[in-house]
Amino acid sequence: MMEALVPDGIARTVVMAAPRSFCAGVERAIDMVDQVLRQRGAPVYVRRQIVHNAHVVAGLQDRGAIFVDELDDVPDGSTVVLSAHGVAPAVRAEAGRRDLDVVDATCPLVTKVHSEARRYAARGDTVLLIGHDGHDEVEGTLGQIPGQIRLVQDAGEARTVTVPDPGRVSYLTQTTLAADETGAVIDALRDRFPDLAGPDTDDICYATTNRQEAVTAIADRCDLVLVVGSANSSNSQRLVEVAARRGTPAHLIEDASRVRPEWLVDARTIGVTAGASAPPHLVDELVAALGGLGPLTVTEHRTSEETVTFVLPPALRP
């Protein structure tokens, strides 16, 4: 734990990967819960974590948000916010039956994937969804056309998945995957299904790709990479994997308190980044804590600029 670290006087350099931390979809989702709380008062129910970050969830809980796993835990007629990861149509139908006031915080880029799934299925394709079993986003996408979408988690599954008609197959991807690994899965699918169709634009979101490219750019010059994010954050986990594939030790940490002393013994240059659902202040606190060990030089390596914004629904705009 960070409290166990003792100042050692060793000079270190922190290289900040940029972009890092919140993306437009995460900011929009958090702002939507914030505005609902301001306009309607507590309690406001949220199905699943609004974004996959424990600090974000705790902060909203302190303000009166109540997070539930399923709509069964929401009283009839209450306001419920749907998380940024999206839901299956069956969830919306249940909300309608229960007379719940639904505020949909689904990221627009996830909504795009849902639309593609319905379009491919409507023309008779078997849809292969590349993603991680059990992730909230994957559950929502699989539920768009139950029975007509099949999950493919890796290249091994891509080489064994069966479909009714090999000439009518499409693929989609979870938005928070590692681009290089996903490419290998798509290649394996194309080897088996030459007529494989896919989206016109990449389903892996711009923020996921940008953060992975930024980590790739700094990993080779670092002795250690620290990724701020929660364990259930897919895009944060992928950042650790991207650094590790470059041969650089990397660790996912919830916050500065989770840094272990032994990681820093031989680390003179430390890369720092944060997943798209991790608040920027957690990165600032990590750098400040590292600065307490000894002389610290902080630099930033930026690989791209992000200008994407998603506006709030009209009813929630301040």
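Residues numbered from 1 in each chain as written. Predicted model: local features only at pLDDT ≥ 70, side-chain atom pairs only at ≥ 80, totals over all residues. Heavy atoms only, no water.

**A few points about the overall build of the protein**
Here is step 1: From N to C terminus, the protein includes 10 helices and 12 strands.
Here is step 2: For the protein, the C-alpha atoms occupy an extent of roughly 65 × 55 × 30 Å along the three principal directions.
Here is step 3: Scored against the burial criterion, the 318 residues of the protein give a buried share of 53%.
Here is step 4: Long-range contacts, defined here as pairs at least 24 residues apart, represent 76% of the contacts in the protein between residues at least 6 apart.
Here is step 5: In the form shown here, the protein has an accessible surface area of approximately 13500 Å², with 50% of it arising from carbon and sulfur atoms.
Here is step 6: Side-chain charges in the protein split into 30 positive and 45 negative, and the spacing between the mean points of these groups amounts to 3 Å. (Helix = DSSP H or I, 4+ residues; strand = E, 2+ residues; numbered from the N terminus. Buried < 20%, exposed > 50% of the residue type's maximum accessible area, 1.4 Å probe, protein only. Contact = heavy atoms within 4.5 Å. Areas by Shrake-Rupley, 256 points an atom, 1.4 Å probe, with all protein chains shown as cover. Lys, Arg positive; Asp, Glu negative; His and termini not counted. Charge placed at Lys NZ, Arg CZ, Asp CG, Glu CD.)

**Considering helix 9 (residues 234-245)**
Here is step 1: The end-to-end C-alpha distance of helix 9, which contains 12 residues, comes to 17 Å, matching closely the 16 Å that a straight helix rising 1.5 Å per residue would cover.
Here is step 2: Buried residues belonging to helix 9 abut helix 8 (206-219), strand 9 (224-228), strand 10 (250-253) and strand 11 (269-274).
Here is step 3: Two residues or fewer past helix 9, Gly247 is found with a positive phi of approximately 90°. (Expected span 1.5 Å × (residues − 1).)

**Focus on the environment of Pro7**
Here is step 1: Tracing the backbone shows Pro7 in the segment before strand 1 (12-18).
Here is step 2: For the pair formed by Pro7 and Leu290, sequence separation is 283 residues and the distance between their alpha carbons is 9.2 Å.

**Regarding the packing of helix 8 against helix 9**
Here is step 1: Remark: helix 8 packs on helix 9, axes separated minimally by 9 Å, with the N-to-C direction vectors making an angle of 25°. By the angle between their axes, helix 8 is roughly parallel relative to helix 9. The crossing of helix 8 and helix 9 is right-handed. Contact residues: Thr208, Arg211, Gln212, Val215, Thr216 and Ala219 in helix 8; Asn235, Arg238, Leu239, Val242 and Ala243 in helix 9.
Here is step 2: Looking at side-chain class alone, the contact of helix 8 with helix 9 contains 5 nonpolar, 4 polar and 2 charged residues. (Axes fitted to C-alpha atoms, helices over the stretch in contact; angles between N-to-C directions. Parallel < 35°, antiparallel > 145°, perpendicular 65-115°, else oblique. Left-handed = near helix turned anticlockwise from the far one by under 90°. Nonpolar A, V, L, I, M, F, W, Y, C, P; charged D, E, K, R; others polar.)

**What about the packing of aromatic side chains?**
Here is step 1: Overall, the coordinates contain 0 aromatic pairs when judged by the stated rule.
Here is step 2: One cation-aromatic arrangement involves Arg119 over Tyr120; the distance from NZ or CZ to the ring centre is 4.9 Å. (Phe/Tyr/Trp six-rings, centres within 6.5 Å; stacked < 30°, edge-to-face > 60°. Lys NZ or Arg CZ within 6 Å of the ring centre and 35° of its normal.)

**Quick word on the side chain of Thr273**
Here is step 1: Along the chain, Thr273 turns up in strand 11.
Here is step 2: Those residues within four positions of Thr273 in sequence are excluded, and the remaining contacts are Ala17, Pro19, Arg20, Val215, Leu226, Val227, Val228 and Leu239.

**Section: the pattern of salt bridges**
Here is step 1: Enumeration over the complete set of coordinates arrives at 23 salt bridges.
Here is step 2: The residue Arg63 makes a salt bridge to Asp34 at a minimum N-O spacing of 2.2 Å. Of the two residues, Arg63 is situated in the loop between helix 2 (54-62) and strand 3 (65-68) and Asp34 in helix 1 (residues 24-40); the sequence distance between them amounts to 29 residues.
Here is step 3: Of the residues examined, Asp34 reaches a relative accessible area of 14% and is grouped as buried.
Here is step 4: In this structure, Arg92 and Asp104 form a salt bridge, with 2.8 Å as the shortest nitrogen-oxygen distance. Taken as a pair, Arg92 in helix 3 (residues 89-97) and Asp104 in strand 5 (residues 101-104) lie far apart in primary sequence, 12 residues in all.
Here is step 5: The partly exposed category is assigned to Arg92, whose relative accessible area is 35%.
Here is step 6: With a relative accessible area of 27%, Asp104 lands in the partly exposed category.
Here is step 7: Through salt bridges with shared partners, a single network forms among Arg47, Arg48, Glu70, Asp136 and Glu139. (Salt bridge = Lys/Arg side-chain N within 4 Å of Asp/Glu carboxyl O.)

**Considerations on helix 10 (residues 280-291)**
Here is step 1: Taking 1.5 Å as the rise per residue, helix 10 with 12 residues should run 16 Å; its terminal C-alpha atoms sit 17 Å apart, in good agreement.
Here is step 2: Among the residues of helix 10, Leu282, Val283, Leu286, Val287 and Leu290 are the ones counted as buried. One side of helix 10 carries all its buried residues, which in axial view fall inside an arc of 140°. Facing away from the buried side of helix 10, by more than 90 degrees, are the exposed residues Asp284 and Ala288. (Arc of directions from axis to C-beta.)

**A short note on the nonpolar core**
Here is step 1: Formed by 27 residues in total, the largest nonpolar core has its most connected members in Val33, Ile50, Val51 and Val81.
Here is step 2: Not counting residues up to four positions away in its chain, the partners in contact with Ile50 are Ala29, Val33, Val56, Leu60, Phe67, Val81, Leu82, Ser83, Ala84, His85 and Ala105.
Here is step 3: Counting residues in each nonpolar core, the second largest holds 22 residues, with Val14, Val283, Leu286 and Val287 among its members. (Core = buried A, V, L, I, M, F, W, Y, C linked by side-chain atoms within 4.5 Å.)

**Quick word on the environment of His114**
Here is step 1: Checked against the element boundaries, His114 lands in helix 4 (residues 108-122).
Here is step 2: Overall, the relative accessible area of 4% leaves His114 in the buried class.
Here is step 3: Between the C-alpha atom of His114 and that of Ala95, which follows or precedes it by 19 residues, the distance is 19 Å.
Here is step 4: If we ignore the near neighbours within four places in the chain, the residues touching His114 are Gly86, Val87, Gly140, Thr141 and Gln144.
Here is step 5: For His114, the side chain forms a polar contact with the side chain of Thr141, separated by 3.4 Å. (Polar contact = N/O pair within 3.5 Å; in protein donor to acceptor, adjacent residues only side chain to side chain.)

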